[in-house]
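# Coordinate analysis (summary)
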Amino acid sequence: MSRFFSIFEGKNELSTCCQPTARNMKNLIRPIAILFLLNLILSGCYYDKESELYPQKPVCDTAGTMTYSQSIIPVVTANCNVCHSTAVASGGVITDNYNDLSVVANDGRLWAAVNWTGPVRMPQGLDKLSDCNLTKIKKWVDAGVPNN
Ligand code: HEC
């Protein structure tokens, strides 16, 4: 008989376990808080990805001294070296090293070519360089074509 009652009591305990008592509500706060934080973290990641998809245009930096290594090499590498490498040397002009590039930079043909004021318009068959890149070349040539 006592066994019967203990089972009965146990059943009673079970049936009250999930009722919305104050203690059960308290136990819910933690998982809800965790879900809330996870949502914040995941939505943070979402916006990180968006800023990678739509990056800000790099700022054109033509302030201060232009250097051959930092200002000029990236421009000729992206726009000129494909036709004016040491191996190809279109028109006898080479832009992929300082010594050869300084020849056309010093005799004025570099600026005339990219500024479209000379006999040829460079880069050949393509759009004029950006104002930013033109400013870099102009400042570098005006500074005396330094190997810096
Ligand atoms: C698609 C190939 C091509 C690209 C890219 C190119 N060039 Fe040229 N470049 C030539 C050719 C070919 C000549 C020879 C002249 C001609 O046939 O028009 C030439 C000639 C020149 C000359 C000699 C001009 C003269 O007055 O004698 C200079 C300087 C020059 N390029 C600079 C550049 C610079 C700087 C760039 C990058 C901004 C560039 N080129 C990009 C093909 C190219």
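Residues take numbers from 1 onward in each chain, read along the sequence in its written order. Totals for whole chains, interfaces and linings use every residue, but because this is a predicted model, local features are given only for residues with pLDDT of at least 70 and side-chain atom pairs only at 80 or more, for both listing and counting.

### Describing the overall build of the protein
Secondary structure assignment for the protein yields seven helices and zero strands. Secondary structure elements are taken from DSSP: a helix is a run of H or I of four residues or more, a strand is a run of E of two residues or more, and numbering for both begins at the N terminus. If you list the helices and strands of the protein from N to C, you get α-α-α-α-α-α-α. With C-beta atoms placed from the backbone, a residue is buried if 20 or more other C-beta atoms are within 10 Å of its own, exposed if 12 or fewer are, and partly exposed between those counts. Evaluated residue by residue, the protein yields a buried proportion of 14% over its 148 residues. We call two residues in contact if the C-beta atoms placed from their backbones are at most 7 Å apart. Excluding contacts between residues fewer than 6 apart, the proportion of contacts in the protein whose partners are at least 24 apart in sequence is 56%.

### Brief notes about the site of the ligand
The criterion for a residue being near a molecule or strand is simple: its C-beta atom, placed using the backbone, must lie within 6 Å of it. Close to the ligand lie 22 residues; Cys-80, Cys-83, Ser-90, Gly-91 and Met-122 are nearest. Secondary-structure elements contributing two or more residues to the shell around the ligand are helix H4 (81–84) and helix H6 (109–114). Looking at which element gives the most residues to the shell around the ligand, the answer is H6, with four residues. Each residue is assigned to one class: nonpolar for Ala, Val, Leu, Ile, Met, Phe, Trp, Tyr, Cys and Pro, charged for Asp, Glu, Lys and Arg, and polar for all the others, Gly among them. Among the residues forming the shell around the ligand, the class breakdown is 13 nonpolar, eight polar and one charged.

### Remarks on the nonpolar core
Only buried residues count toward a nonpolar core: Ala, Val, Leu, Ile, Met, Phe, Trp, Tyr and Cys, linked into one set through C-beta atoms within 7 Å. The biggest cluster of nonpolar side chains holds 16 residues, and the ones touching the most others in it are Ile-72, Val-76, Leu-101, Leu-110, Val-114 and Ile-137. At the level of elements, helix H3 (68–79), helix H5 (98–106), H6 and helix H7 (131–142) are the ones that each hand at least two residues to this core. Excluding residues that lie within four positions of it along the chain, Leu-110 makes contacts with Val-104, Ala-105, Ile-137 and Val-141.

### Side note on H5
Taken together, the buried positions of H5 are Leu-101, Val-104 and Ala-105. Along the long axis of H5, the arc covered by the buried residues comes to 105°, so they all point the same way. Opposite the packed face of H5, turned more than 90 degrees from it, sit the exposed residues Asn-99 and Asn-106. On its buried side, H5 packs onto H3, H6 and H7. Gly-108 sits one or two positions beyond H5 and adopts a positive phi of about 90°. Note: the arc covers the axis-to-C-beta directions of the helix.

### Considering unusual backbone geometry
The linkage connecting Met-122 with the following residue, Pro-123, adopts the cis geometry, with an omega of -5°. The topology assignment puts Pro-123 in the loop between H6 and H7. Of note in the backbone geometry, Ala-89 takes a positive phi value of approximately 50° without being a glycine. Topologically, Ala-89 is positioned in the loop between H4 and H5. With a phi angle near 60°, Trp-116 is a residue other than glycine that sits in the positive phi range.

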